[in-house]
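# A closer look at the structure
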2 protein chains.
Amino acid sequence: MTYDVTVYVTWKEGVLDPQGTAVTESLHKLGYGEVESVSISRMLQLRLEAAPEEVESKVTEMCEKLLANPVIEDYRFEVEEVVST
Amino acid sequence: MTYDVTVYVTWKEGVLDPQGTAVTESLHKLGYGEVESVSISRMLQLRLEAAPEEVESKVTEMCEKLLANPVIEDYRFEVEEVVST
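Just so we're clear, the structure is a prediction, and the values are computed from it rather than from any experiment.

### A closer look at the overall build of chain A
- Check the secondary structure of chain A and you find two helices and three strands.
- Secondary structure elements of chain A occur, N-terminal to C-terminal, as β-α-β-α-β.
- Relative to a compact globule of 85 residues, whose C-alpha radius of gyration would be 12 Å, chain A shows 17 Å and is clearly more extended.
- By the burial criterion, 36% of the 85 residues in chain A qualify as buried.
- For chain A, restricting intrachain contacts to residue pairs at least 6 apart in sequence, the fraction spanning at least 24 positions comes to 74%.
- Summing over all exposed atoms, chain A offers an accessible surface of approximately 4,900 Å²; the carbon and sulfur share of this is 50%.

Structural data, given as structure tokens:
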């Protein structure tokens, strides 16, 4: 089966997000003082072949090993089956 | 009113995503040959104060001016009102 998986990798609570801080400051300089905060994270879209019973465990493994840094980042993902037409 | 806005910035169709290619190759080297493709994009979470009638136009402006590069990137966003408890 073919799956489209969307992985959201976000900063753990309390971890500094320097890129987000920089964008907040840039927005303030552009006149958008009403912006309180910006947090920037990654969204990964994977297409993969897997058996239905192993797709979640495979993606969890990939997240732990490569796609996220579990020390400072959280991740969650959504799995969608690709239906060939 | 306070709003939480989530902006998704993705590559336009046909634009090369070198970071995604690199991650695909790394996954293959780790033994995940079943991964066909990986595309990496940004997710920005903004908190801002705005009048209900201007929040969408404000965020569109910010996307066009700073948050996305409209030449090579597409963006879409979701607006959610922050209800203080």
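### Examining the environment of A:Phe77
All names here are of chain A.
- As for its position among the elements, Phe-77 is in strand β3 (residues 73-81).
- Separated by 68 residues in sequence, Phe-77 and Val-9 have C-alpha atoms that sit 8.7 Å apart.
- In this structure Phe-77 touches Val-5, Thr-6, Val-7, Glu-56, Val-59, Thr-60 and Cys-63, once residues within four positions along its chain are discounted.

### Notes on the packing of helix α2 (residues 55-67) of chain A against helix α1 (residues 18-29) of chain B
- Here α2(A) crosses α1(B) at 110 degrees, and the two axes come no closer than 11 Å. Classified by the interaxial angle, the pair formed by α2(A) and α1(B) is roughly perpendicular. When the axes of α2(A) and α1(B) are compared, the crossing they make is right-handed. Seen from α2(A), the contacting residues are A:Met62, A:Leu66 and A:Leu67; seen from α1(B), they are B:Val23, B:Ser26 and B:Leu27.
- A per-class count over the contact of α2(A) with α1(B) returns five nonpolar, one polar and no charged.

### Quick word on the interface of chain A and chain B
- Tallying the contact residues gives 29 residues for chain A and 29 residues for chain B.
- Together, the buried faces of chain A and chain B total about 2,900 Å²; carbon and sulfur atoms form 61% of this surface.
- Contact with chain B buries area across many residues of chain A, yet A:Tyr32, A:Glu34 and A:Met43 alone supply 22% of it, more than any other trio.
- Our count for the chain A to chain B interface comes out at two salt bridges.
- For A:Lys58, the salt bridge is made with B:Glu34, and the minimal N-O distance between the two is 3.1 Å.
- Put simply, chain A and chain B have 16 residue pairs in polar contact (both at pLDDT 80 or more) between them.
- At the level of elements, β1 (2-11), α1 (18-29), β2 (35-49) and α2 of chain A are the ones that each hand at least two residues to the side of chain A that touches chain B.
- The biggest single contributor to the side of chain A that touches chain B is β2(A), with 15 residues.
- Bridging between β2(A) and strand β2 (residues 35-49) of chain B involves 13 bridges; their strand directions are antiparallel.

Thresholds applied
Chains are numbered independently. Their residues run from 1 in the order of the written sequence. The order in which chains are written sets their letters, starting at A; the order in which ligands are written sets their numbers, starting at 1. Residues qualify for local features only when their pLDDT is at least 70, as the model is predicted, and side-chain atom pairs are given and counted only at 80 or more; totals for whole chains, interfaces and linings, by contrast, use all residues. The basis for every side-chain value is the complete set of heavy atoms in the structure, and neither hydrogens nor water enter the calculation. Here a helix means four or more residues in a row that DSSP labels H or I, a strand means two or more in a row labelled E, and each is numbered from the N terminus. We compute the radius of gyration over the C-alpha atoms and compare it with the globule rule, which gives 2.2 Å times the number of residues raised to the power 0.38. Burial classes: relative accessible area under 20% of the type maximum marks a residue as buried, over 50% as exposed, and values in between as partly exposed (1.4 Å probe, protein chains only). Should any heavy atoms of two residues lie within 4.5 Å, those residues are counted as being in contact. Note on areas: Shrake-Rupley with a 1.4 Å probe; residue coverage comes only from the protein chains shown. Only C-alpha atoms enter the line fits that serve as axes; for helices the fit covers just the stretch in contact. Angles between N-to-C directions range over 0 to 180 degrees. Relative orientations are named as follows: roughly parallel for angles under 35 degrees, roughly antiparallel for angles over 145 degrees, roughly perpendicular for angles from 65 to 115 degrees, and oblique for any other angle. For a crossing to be left-handed, the near helix must be turned anticlockwise from the far one by less than a right angle; the clockwise case is right-handed. Nonpolar residues are Ala, Val, Leu, Ile, Met, Phe, Trp, Tyr, Cys and Pro. Charged residues are Asp, Glu, Lys and Arg, and all others, Gly as well, are polar. Buried area: the accessible surface (1.4 Å probe) lost by two parts on joining, summed over both. Here a salt bridge means any side-chain nitrogen of Lys or Arg lying within 4 Å of a carboxyl oxygen belonging to Asp or Glu. We call two N or O atoms a polar contact when they sit within 3.5 Å, provided that within protein one can donate a hydrogen and the other can accept it, with sequence-adjacent residues counted only if both atoms are side-chain atoms. Two strands are counted as paired when DSSP detects at least two bridges linking them.

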